[in-house]
Amino acid sequence: MEKRQVEVAILGAGTAGMSAYRVARKHTDSVVMIEGGPYGTTCARVGCMPSKLLIAASEAAHDARRAGLFGIRPGNVKVDGRAVMERVRQERDRFVDFVLDAVDDFPEEHKIRGYARFLSPHVLQVDDSHEIEAERVVIATGSRPNVPDFLKSAEDRLVVNDDIFEWEDLPSSVAVFGPGVIGLELGQALSRLGVRVRMFGVGGGVGPIQDEEIRECALEAFNQEFPLDPDADTKKVERTGDGVAITFVDGERGEVTETFDYLLAATGRRPNVDGLDIQNANLELDDRGMPYYEHYTLRCGDSHVFIAGDATADLPLLHEAADEGRIAGENAAFYPKVRVGLRRTPLAVVFTDPQIATVGKTIQQVDEDCRGRFAVGFVSFQGQGRSRVIGKNRGLLRVYGEHGSGLFMGAEMFGPAAEHIGHLLAWAAQSRMTVTDMLDMPYYHPVIEEGLRTALRDLNHKLSLGPEVVENCLDCGPGG
Ligand SMILES: Cc1cc2nc3c(=O)[nH]c(=O)nc-3n(C[C@H](O)[C@H](O)[C@H](O)COP(=O)(O)OP(=O)(O)OC[C@H]3O[C@@H](n4cnc5c(N)ncnc54)[C@H](O)[C@@H]3O)c2cc1C
Ligand SMILES: NC(=O)c1ccc[n+]([C@@H]2O[C@H](COP(=O)([O-])OP(=O)(O)OC[C@H]3O[C@@H](n4cnc5c(N)ncnc54)[C@H](O)[C@@H]3O)[C@@H](O)[C@H]2O)c1
């Protein structure tokens, strides 16, 4: 067992861990980054990037199929599953290689391989190879899929996101459990690539959507492509000779059994904190065994331990993991001087079609913060000019503003180019713009942002700050 003493030990070499390492290293050379699994990050290996690659293939198939709308007849669209998966893996490997190159550049003495756990507040054991005495620790151990026990009856046909990207070919059918972000993105992509998909949820949720009207709209749109029951009554999951038989109650047919090649569990993720022997770190823990920590400093209580990325189980998104890693790494380096870091306006995008974007405060948070004194502006993209031109005229945007101050508070969207509209809205929220300020900005024609302007005008009027929205107004151009 090799023993070492360091100022800063970082657990995990994912996005958060590498950010923490880069910042900490600027201030001290006495730092180690400990990685138990393969280098390359969840984002590049099995997360953001391969999922977006699969979605890109599905969009190509979908666009070819719907080309008839424009009078274009590409003929029979054939999906070559092997070629689709080959590109996914090839491009994924390029992204992973970028990360591996970055890790290669870190000095060898800063890198330790193995799983770390706490022996005491300042002592970590890494497998059976190292004992590290660290003045400060950053926990950046990420998360893993959380699979409910009853799904395990699918045995070898049970898959999680990691497995899908290793497929050599596409299967013919997949049952997706969990219409959250991963389930919706992967489920819709597989469906558009010709895989028979059925999606099962619990509790009625659809992705991260909190606004009831947006949820209804999204649910209807997804159900036009594949059956999605957000509150399914699943009776049985069984591995059979030819796949996984799922018995469930169908609204129209009663109790039915359908067989699928695979069952994809996309039922949420669990932070990798349970394997750390965190009870030895002398931190205050909540009833799930998670350390209490401060959102702006990432410090656990008044200790020398910081936590960042998916390990916090709070905002499991790439840009948040990078931000949190930076803040935690800097605070670990300068400890006991601990500084508040910049936390940005909440922004999340789901890469379905239409896309989903959530920005700023949810409608429930706005209601609470404004004590009910808020208004909601609205636009449907059905008749919106640019959206109709490109045949993407589905969905809704709802924007929230505070009475009195006229401040823009948040929004939810299920509609075209939500990844871009979401950014505009997040930038406006972080700049603390009023709805009037936002309407003073330029809007080109014909663009999807004109739909955003319609929603903002509706909101401004409801906040008693502007005139009523005029149907077919001329300065909007047709279909504003
Ligand atoms: C399918 C999928 C799609 C996604 N798509 C998006 C997207 O489009 N946009 C977006 O913003 N986010 C997306 N995410 C979320 C994003 O990938 C994560 O939020 C982000 O990668 C988290 O980074 P991290 O550094 O916290 O964790 P990770 O990158 O997982 O790093 C944690 C590291 O810690 C290591 N580790 C664990 N335990 C120990 C231990 N005891 N000792 C040492 N090392 C340990 C692990 O091996 C791992 O390498 C997606 C996630 C998934 C699964
Ligand atoms: N585009 C993106 O930014 C992106 C993409 C993928 C993942 N992510 C991140 O990864 C995180 C994890 O994604 P996720 O989809 O695993 O989690 P999630 O929390 O988004 O969704 C889990 C879903 O599973 C459902 N569920 C739970 N138990 C179930 C059961 N027994 N049967 C059926 N459904 C069940 C939940 O109700 C929920 O709808 C997300 O919160 C997100 O932050 C982001």
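Residues numbered from 1 in each chain as written. Chains lettered and ligands numbered in written order. Predicted model: local features only at pLDDT ≥ 70, side-chain atom pairs only at ≥ 80, totals over all residues. Heavy atoms only, no water.

### Focus: the sheet that holds strand 8 (residues 158-159)
Think of a sheet as strands paired side by side through backbone hydrogen bonds, with each pair either parallel or antiparallel.
Phase 1: The five strands are arranged 8-15-9-10-11 in an open sheet whose pairing can be described as parallel. Every interior strand has two partners, whereas the edge strands, strand 8 and strand 11 (228-229), have only one.
Phase 2: Sheet topology places strand 10 (residues 196-200) next to strand 11; two bridges connect them, and they run parallel. Paired with Phe200 across the strands is Asp229, a residue of strand 11.
Phase 3: Packing against the sheet, helix 6 (residues 181-192) makes contact with strand 9 (173-177), strand 10, strand 11 and strand 15 (262-265), and its axis sits at approximately 160° to strand 10. (Pairing = 2+ DSSP bridges. Helix = DSSP H or I, 4+ residues; strand = E, 2+ residues; numbered from the N terminus. Contact = heavy atoms within 4.5 Å. Axes fitted to C-alpha atoms, helices over the stretch in contact; angles between N-to-C directions.)

### Side note on the UniProt feature "domain: FAD/NAD(P)-binding" (unreviewed entry) in the protein chain
Phase 1: The feature "domain: FAD/NAD(P)-binding" (unreviewed entry), as given by UniProt, occupies residues 7-325 in the numbering adopted here.
Phase 2: A helix fraction of 30% and a strand fraction of 26% characterise residues 7-325, whose end C-alpha atoms lie 17 Å from each other. (UniProt positions renumbered as here; feature names shortened; annotations may be inferred.)

### What about the site of ligand 1?
Phase 1: Looking at ligand 1, there are 34 residues lining it, with Ala16, Glu35, Thr42, Lys52 and Asp310 nearest.
Phase 2: Within the backbone of Leu317, one N or O atom sits 3.2 Å away from an oxygen atom of ligand 1.
Phase 3: In isolation ligand 1 exposes 1,000 Å². Once the protein is present, 90% of that is buried.
Phase 4: The set of elements that each furnish at least two residues to the shell around ligand 1 consists of helix 1 (15-27), strand 2 (31-35), helix 2 (42-46), helix 3 (48-65) and helix 8 (318-334).
Phase 5: For the shell around ligand 1, the class distribution of residues is 16 nonpolar, 14 polar and four charged. (Near = heavy atom within 4 Å. Polar contact = N/O pair within 3.5 Å; in protein donor to acceptor, adjacent residues only side chain to side chain. Areas by Shrake-Rupley, 256 points an atom, 1.4 Å probe, with all protein chains shown as cover. Nonpolar A, V, L, I, M, F, W, Y, C, P; charged D, E, K, R; others polar.)

### Remarks on the UniProt feature "domain: Pyridine nucleotide-disulphide oxidoreductase dimerisation" (unreviewed entry) in the protein chain
Phase 1: Feature annotation in UniProt assigns "domain: Pyridine nucleotide-disulphide oxidoreductase dimerisation" (unreviewed entry) to the following positions: residues 348-455.
Phase 2: Between the C-alpha atoms that bound residues 348-455 the distance is 20 Å, and the span itself is 34% helix and 29% strand.

### Here's the deal with the domain arrangement of the protein chain
Phase 1: In terms of domains, the protein chain is made up of domain 1 (2-144 + 270-334), domain 2 (149-267) and domain 3 (347-462).
Phase 2: On a C-alpha basis, the centres of domain 2 and domain 3 stand 30 Å from each other.
Phase 3: With 17 residues of domain 2 in contact, the opposing surface of domain 3 contributes 19 residues.
Phase 4: Both faces considered, domain 2 and domain 3 share a buried interface measuring about 1,500 Å² in area, 62% of it formed by carbon and sulfur atoms. (Domains from an automatic or database assignment. Buried area = accessible area lost by both parts, 1.4 Å probe.)

### With respect to the nonpolar core
Phase 1: Ranked by size, the top nonpolar core spans 36 residues in total, and within it Leu54, Ile164, Leu190 and Phe222 carry the most contacts.
Phase 2: Breaking this core down by element, the ones donating at least two residues are helix 3, helix 4 (81-104), strand 9, helix 6, strand 10 and helix 7 (212-223).
Phase 3: Broken down by element, the residue count for this core peaks at five residues, all from helix 7.
Phase 4: Beyond its immediate sequence surroundings of up to four residues, Phe222 is in contact with Leu184, Gln188, Val206, Leu228, Thr352 and Phe414.
Phase 5: Membership of the second largest hydrophobic core comes to 28 residues, among which are Val349, Val359, Val399 and Leu425. (Core = buried A, V, L, I, M, F, W, Y, C linked by side-chain atoms within 4.5 Å. Buried < 20%, exposed > 50% of the residue type's maximum accessible area, 1.4 Å probe, protein only.)

### What about the sheet that holds strand 22 (residues 408-415)?
Phase 1: Here five strands make up an open sheet; going across it, the order is 18-19-22-21-20 and the pairing antiparallel. Each edge of the sheet is formed by a strand with only one pairing partner; in this case those strands are strand 18 (347-350) and strand 20 (374-380). With strand direction ignored, the average angle separating the axes of adjacent strands in the sheet is 10°.
Phase 2: Here strand 19 (residues 355-360) runs beside strand 22; their pairing, made up of six bridges, is antiparallel. Across the sheet, residue Gln355 finds its bridge partner in strand 22, namely Gly415.
Phase 3: Across the sheet, helix 7 is in contact with strand 21 (396-402) and strand 22; its angle to strand 22 comes to roughly 15°.

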